[in-house]
Amino acid sequence: MTASVTRVYRFSASHRLHTAALSESENARIFGKCNNPYGHGHNYELSVTVHGPIDPQTGLVVPPAGLDSYVEDRVLRRFSNRNINKDVAPFATLVPTTENLTTVIADLLRAEWPFASDSSSVTLRRVHVQETPRNGFEFILERPHVPELNPAPASGLLKR
Amino acid sequence: MFITRKAEFSASHLCRIEGWTDEKNQQTYGIASNPHGHGHNYVLEVTLEGEPDPVTGMVVDLKELKEVLEKEILAPMDHRFLNYEVPPFNRVVPTAENIALEIWKRLEHGLPPGRGRLHRVRLYETPDLYVDIGQEDVAR
């Protein structure tokens, strides 16, 4: 028997939507108040869904503490109480829309995914980021996780 | 079309394997292994899939679904200590995964044959932890 398990995490961070590829006026027109010069913050809510067999002895798909510490290490410590544009590497050049944030978080989680083994295939199935109570963004990972030597860009493997 | 009905029950549980050391139980289940148990307000979402009846416009009679949920899930589990009072949790660890699976089995058995087929059971143990069981998880 298998199951999907979802854990919800929270972090607060600031961002500014702005791209050097566009003029000041185009940035202001496209991003609106999200382009205000000093940025602004959100209480983000991150849902991580894993799928795999229910261990017949423990009754668990994955030990919650193991998933929590992995998400903490890969994601939360990088983003929590940070300025995403300045403190999180890809966003020096990548606009920190929550679409991009969700992609980057999915990539961070996939990159060193520790829960798949020869005997059990616990996969990352879904990453959902709620930017505000009204705006949510989600990646569904259609394919089971396959360890890769040279990970392709998320767009190649992830379906929105 | 999908139709989802929600229900809540409150219960105690304890995640612990007899014969394991306290340390190993703690490593596996964390504070959920504290020996005297603890409780949750479980929230259950049951989703059926089907086409609406051309005459009634309903996939399922919600009153009937409510009664099945009451009989199969809420009456036996609400305000109970799952490990001590609700089989099979006297021998199966009542993790959210196992409770969701047990709920799936009880509903599959209890739901009347009709237009609505059980599609998904979602069980929230807390607002921050939930488990989904779907056809893909049991069709083997």
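None of these values were measured; they are calculated from a predicted model. (Residues numbered from 1 in each chain as written. Chains lettered and ligands numbered in written order. Predicted model: local features only at pLDDT ≥ 70, side-chain atom pairs only at ≥ 80, totals over all residues.)

*Asks:* Please explain the overall build of chain A as it appears in this structure.
*Replies:* Secondary structure assignment for chain A yields five helices and five strands. The linear arrangement of helices and strands in chain A, starting from the amino end, is β-α-β-α-β-α-α-β-β-α. Within chain A, buried positions represent 29% of all 160 residues. Across chain A, the fraction of contacts at a sequence separation of at least 24, relative to all contacts at a separation of at least 6, is 68%. (Helix = DSSP H or I, 4+ residues; strand = E, 2+ residues; numbered from the N terminus. Buried ≥ 20, exposed ≤ 12 C-beta atoms within 10 Å, placed from the backbone. Contact = placed C-beta atoms within 7 Å.)

*Asks:* How should the interface of chain B and chain A be read in this particular structure?
*Replies:* Buried accessible area, meaning the area lost when the parts come together, often serves as the stated size of an interface. Counting residues at the interface gives 19 residues for chain B and 17 residues for chain A. Among the elements of the structure, helix 4 (96-110), strand 5 (129-134) and helix 5 (135-138) of chain B are those that each provide at least two residues to the side of chain B that touches chain A. Looking at which element gives the most residues to the side of chain B that touches chain A, the answer is strand 5 of chain B, with five residues. Considering only residue class, the side of chain B that touches chain A consists of 11 nonpolar, four polar and four charged. With four bridges joining them, strand 1 (residues 2-15) of chain A and strand 5 of chain B adopt antiparallel strand pairing. Its bridge partner being in strand 5 of chain B, Thr-6 of chain A is matched across the sheet by Tyr-130 of chain B. (Nonpolar A, V, L, I, M, F, W, Y, C, P; charged D, E, K, R; others polar. Pairing = 2+ DSSP bridges.)

*Asks:* How should unusual backbone geometry be read in this particular structure?
*Replies:* For residues other than glycine, phi is negative in most cases, and the peptide bonds are mostly trans. Looking along the chain, the bond that leaves Pro-87 of chain B and enters Pro-88 of chain B is cis, with omega of 10°. For Pro-88 of chain B, the position within the fold is in the loop between helix 3 (82-85) and helix 4. Notably, Asn-81 of chain A is not glycine yet its phi reads approximately 55°, a positive angle. Tracing the backbone through its elements, the reader meets Asn-81 of chain A in the loop between helix 2 (64-79) and strand 3 (82-83).

*Asks:* Is there a simple way to think about the confidence of the model for chain B in this case?
*Replies:* Should pLDDT be low for a region, the predicted coordinates there are not to be read in detail. Per-chain confidence: chain B averages 95 in pLDDT, with 99% of residues scoring 70 or above. Here the predicted complex carries an ipTM of 0.90, next to a pTM of 0.88. (pLDDT = per-residue confidence, 0-100.)

*Asks:* Is there a simple way to think about the nonpolar core in this case?
*Replies:* Soluble globular proteins: nonpolar side chains tend toward being buried together. Formed by 54 residues in total, the largest nonpolar core has its most connected members in Ile-105 of chain A together with Ala-100, Ile-103 and Leu-123 of chain B. Sorting elements by how many residues they give to this core places helix 4 of chain B first, with seven residues. Residues in contact with Ala-100 of chain B, not counting those within four places in the same chain, are Ala-3 of chain A together with Val-121, Leu-123, Val-131 and Ile-133 of chain B. (Core = buried A, V, L, I, M, F, W, Y, C linked by C-beta atoms within 7 Å.)

*Asks:* Quick question: what am I supposed to make of helix 2 (residues 62-77) of chain B here?
*Replies:* Note that an α-helix has 3.6 residues per turn; residues three or four places apart therefore point the same way. All names here are of chain B. With 16 residues, helix 2 extends 21 Å from end C-alpha to end C-alpha; this agrees with the ideal 22 Å at 1.5 Å per step. If you look at helix 2, its biggest bend is around 45°, right at Glu-70. Among all positions of helix 2, only Leu-65, Leu-69, Ile-73 and Met-77 are buried. Of the surrounding elements, those touching the buried residues of helix 2 are strand 1 (2-13), strand 2 (38-49), strand 3 (80-81), helix 3 and helix 4. Looking one or two residues past helix 2, His-79 carries a phi angle of roughly 55°, positive in sign. (Expected span 1.5 Å × (residues − 1). Bend = angle between axes of the 7 residues up to and from the residue.)

*Asks:* What should I look at first to understand the pairing of strand 2 (residues 40-53) of chain A in this one?
*Replies:* Looking along a regular strand, one sees side chains alternate from face to face of the sheet. Residue and element names in this part refer to chain A. In terms of strand pairing, strand 1 meets strand 2 through 14 bridges, oriented antiparallel. Bridged to Ser-14 within strand 2 is Gly-41. Bridging between strand 2 and strand 4 (residues 123-132) involves seven bridges; their strand directions are antiparallel. Its bridge partner lying in strand 4, Ser-47 is registered against His-128.

*Asks:* Explain the environment of Glu-125 of chain B to me, please; I cannot follow it from the model alone.
*Replies:* All names here are of chain B. Here Glu-125 shows up in strand 4 (residues 117-126). Here Glu-125 falls in the buried class, since 22 other C-beta atoms lie within 10 Å of it. Sequence separation of Glu-125 and Leu-101 is 24 residues, and the distance between their C-alpha atoms is 13 Å. Here Glu-125 is in contact with His-40, Tyr-42, Ala-96 and Tyr-130, once residues within four sequence places are set aside.

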